[in-house]
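Chain by chain, the residues run as shown.
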Amino acid sequence: MNGNIWVNFPFIVVALLLALGFYTIGFKRNLIKVVIGIEILEGAVNLFLVALGYVRGGYAPIYTLAPSEAANPQNMVLPTPQALTLTSIVIGVAVSALMLAFAVNIYKHYGTLDVTKIRRLRG
Amino acid sequence: MTTTIIKTTTKILTPLILVFGSYIILHGHLTPGGGFQGGAVFASGLALLIVANKYETVKSLFEKAPLSVLESIGAVGFLGMACLGFAGYTFFKNVIANSGFLLFGGKTPSGINPGYLNTGGTLPYMNIFVGMKVLAGLTSIILVFFLIMRRERDEW
Amino acid sequence: MRTSLGLLAFIGFTLFLLAAMISIRPFGEPPHREMDDWFITHAQIESSANNVVTSIVFDYRGFDTLGEATVLFTAVSGVLMVLRRKEGMKK
């Protein structure tokens, strides 16, 4: 436990976004709202990855026209979580495009977007 | 939807967006950005073109555009740049860096400097190929979502 | 009955997440940074690029970028296959 709870404020925001995403997936009936819940979950995970690599009082890990006290490697933010978040964002875009294509096809086939009525596997 | 405001704004804004996306792709080794980010900005400029024109114009314009060829060139070029390291080193080794090649082969002064475009090694080539792949992929997705709706007349 | 049981489980899950995020390590002090220090001090010499993040994505961890390009290609081809227009399909 820390002395002050509000030091971990970005992590508390990540926990609230995760809870919001899981609520939208589990308790909503429209198929598009379920897709939006999955996107909220993906955004929360990317925020958690980037917030793990922060150094207090640090600068961006780029050498082009940086301020002169950023040349010390102890003053720069960790660059590895930022590189892994790039990959995660692109994969999230690909997954959500595929999900929306399936939603369009389901609407053409069943005529409705209610998840309680899309039950049987019809030929 | 093709109102007058959207048509006029698109004529002014679209070249600016496309040039900005190309700038982000090309300067990926100096400033924040790179292949994926610049490809997404370029695809959003093309999406503006798709939204602001009529159905027949978009269909006739993008039938001639070789989007699948562009994506394949991007994928094969990225793999080819990675296989350049087989000549003496390992897979994915940066063999053009610090070597004095004509294009993107210079040396970077260490420490804080204003960026020089001639540096980078295989990094700018990989940025360009990945940028081509991402813009072709995202534009194909938006185009196929637009073409299945089949609006035969304008909205207004 | 089932909805209220589900809501109770959801509230318990949220409290567990909040307790986990409060007792994690403090924000802004990463404990192990030997690998990132090596990346920051040697990225300009080995990759000759000013941007350390791009040199990690395309030079030190280029294999992950190859896998990600494959995922993007698979997703685009999957979308184009699902939304085909068959002959004789009524609109």
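Residues numbered from 1 in each chain as written. Chains lettered and ligands numbered in written order. Predicted model: local features only at pLDDT ≥ 70, side-chain atom pairs only at ≥ 80, totals over all residues.

Just to check I follow, could you spell out the overall build of chain B for this structure?
The helix and strand inventory of chain B stands at five helices and zero strands. By residue count, 33% of the 156 residues in chain B fall in the buried class. (Helix = DSSP H or I, 4+ residues; strand = E, 2+ residues; numbered from the N terminus. Buried ≥ 20, exposed ≤ 12 C-beta atoms within 10 Å, placed from the backbone.)

Explanation requested: the overall build of chain A in the structure shown.
A count of helical and extended segments in chain A gives three helices and zero strands. For chain A, the sequential pattern of α-helices and β-strands runs α-α-α. Along the first, second and third principal axes, the C-alpha atoms of chain A reach 65 × 35 × 15 Å. Taken over 123 residues, chain A has a buried fraction of 18%.

Whenever I open this one, the interface of chain A and chain C confuses me. Can you help?
Taken together, the 42 residues of chain A in the interface contact 38 residues of chain C. Elements that contribute at least two residues to the side of chain A that touches chain C include exactly helix 1 (9–27) and helix 3 (80–110) of chain A. The element best represented in the side of chain A that touches chain C is helix 3 of chain A, accounting for 14 residues. (Contact = placed C-beta atoms within 7 Å.)

What is the right way to look at the environment of Ser 88 of chain A in this model?
All names here are of chain A. Relative to the helices and strands, Ser 88 resides in helix 3. Here Ser 88 falls in the partly exposed class, since 14 other C-beta atoms lie within 10 Å of it. Taking the C-alpha atoms as reference points, Ser 88 and Pro 73, 15 residues apart in sequence, are found 26 Å from one another. With near-sequence residues (within four places) excluded, Ser 88 lies in contact with Asn 46 and Leu 49.

Help me understand helix 4 (residues 62–82) of chain C in this model?
Relative to the 30 Å expected for 21 residues at 1.5 Å per residue, helix 4 of chain C spans 31 Å between its end C-alpha atoms, a close match to the ideal helical length. Listed in full, the buried residues belonging to helix 4 of chain C are Gly 62, Thr 65, Glu 68, Ala 69, Leu 72, Ala 75, Val 76 and Val 79 of chain C. The buried side chains of helix 4 of chain C occupy one side of the element, clustering within an arc of 130° when seen end-on. Exposed side chains of helix 4 of chain C directed beyond 90 degrees from the buried face belong to Phe 63, Gly 67, Thr 70, Thr 74 and Met 81 of chain C. Its buried side turned inward, helix 4 of chain C meets helix 3 of chain A, helix 4 (67–82) and helix 5 (123–147) of chain B together with helix 3 (52–60) of chain C. (Expected span 1.5 Å × (residues − 1). Arc of directions from axis to C-beta.)

Teacher, can you tell me more about unusual backbone geometry here?
Residues apart from glycine generally show negative phi values, whereas peptide bonds are mostly found in trans. For Leu 65 of chain A, which is not a glycine, the phi torsion comes out positive at approximately 55°. Among the secondary structure elements, Leu 65 of chain A is positioned in the loop between helix 2 (31–51) and helix 3. We classify Leu 65 of chain A as exposed; it has 12 C-beta atoms within 10 Å. Non-glycine residue Ser 48 of chain C carries a positive phi angle of around 50°. Positionally, Ser 48 of chain C belongs in the loop between helix 2 (34–46) and helix 3.

What should I look at first to understand helix 3 of chain A in this one?
Along an α-helix, a turn takes 3.6 residues, which lines up residues three or four apart on a common side. Residues and elements named next belong to chain A. The terminal C-alpha atoms of helix 3 lie 46 Å apart, and with 31 residues this matches the ideal 45 Å at 1.5 Å per residue to within 8%. Along helix 3, the positions that sit buried rather than exposed are Thr 80, Ala 83, Leu 86, Val 90, Ala 94, Ala 97 and Ala 101. With its phi angle positive at about 85°, Gly 111 sits one or two positions after the end of helix 3.

Help me understand the packing of helix 5 of chain B against helix 4 of chain C in this model?
Running from N to C, helix 5 of chain B and helix 4 of chain C point in directions that differ by 20°, and their axes come no closer than 10 Å. One way to sum up the angle between helix 5 of chain B and helix 4 of chain C is to call them roughly parallel. By crossing handedness, the relation of helix 5 of chain B to helix 4 of chain C is classed as left-handed. Contacts between helix 5 of chain B and helix 4 of chain C involve Val 130, Lys 133, Val 134, Gly 137, Ser 140, Ile 141 and Val 144 of chain B from the first element and Ala 69, Leu 72, Val 76, Val 79 and Leu 80 of chain C from the second. A class-by-class count of the residues in the contact of helix 5 of chain B with helix 4 of chain C yields nine nonpolar, two polar and one charged. (Axes fitted to C-alpha atoms, helices over the stretch in contact; angles between N-to-C directions. Parallel < 35°, antiparallel > 145°, perpendicular 65-115°, else oblique. Left-handed = near helix turned anticlockwise from the far one by under 90°. Nonpolar A, V, L, I, M, F, W, Y, C, P; charged D, E, K, R; others polar.)

In this structure, what is going on with the confidence of the model for chain B? I would like to understand it.
Residues shown with low pLDDT carry predicted positions that ought not to be read at fine detail. All names here are of chain B. Looking at chain B as a whole, the pLDDT averages 87, with 95% of positions reaching at least 70. Note that residues 152–156 has pLDDT below 50 and, in this model, six contacts with residues that lie over four places away or in other chains. The complex prediction reports pTM at 0.90, with the ipTM value standing at 0.85. (pLDDT = per-residue confidence, 0-100.)

Would you mind going over the environment of Val 95 of chain B with me for this structure?
All names here are of chain B. On the secondary structure map, Val 95 appears in the loop between helix 4 and helix 5. Considered as a pair, Val 95 and Asn 127 are 32 residues apart in the sequence and their alpha carbons are 16 Å apart. Discounting residues that sit within four places of it in the chain, Val 95 has contacts with Leu 84, Gly 85 and Tyr 89.

So what exactly am I meant to see when it comes to the confidence of the model for chain A here?
Here chain A averages 90 in pLDDT, while 95% of its residues score no lower than 70. Helix 3 of chain A is the least confidently modelled element of chain A, averaging 93 in pLDDT, while helix 2 of chain A averages 95, the highest of any element.

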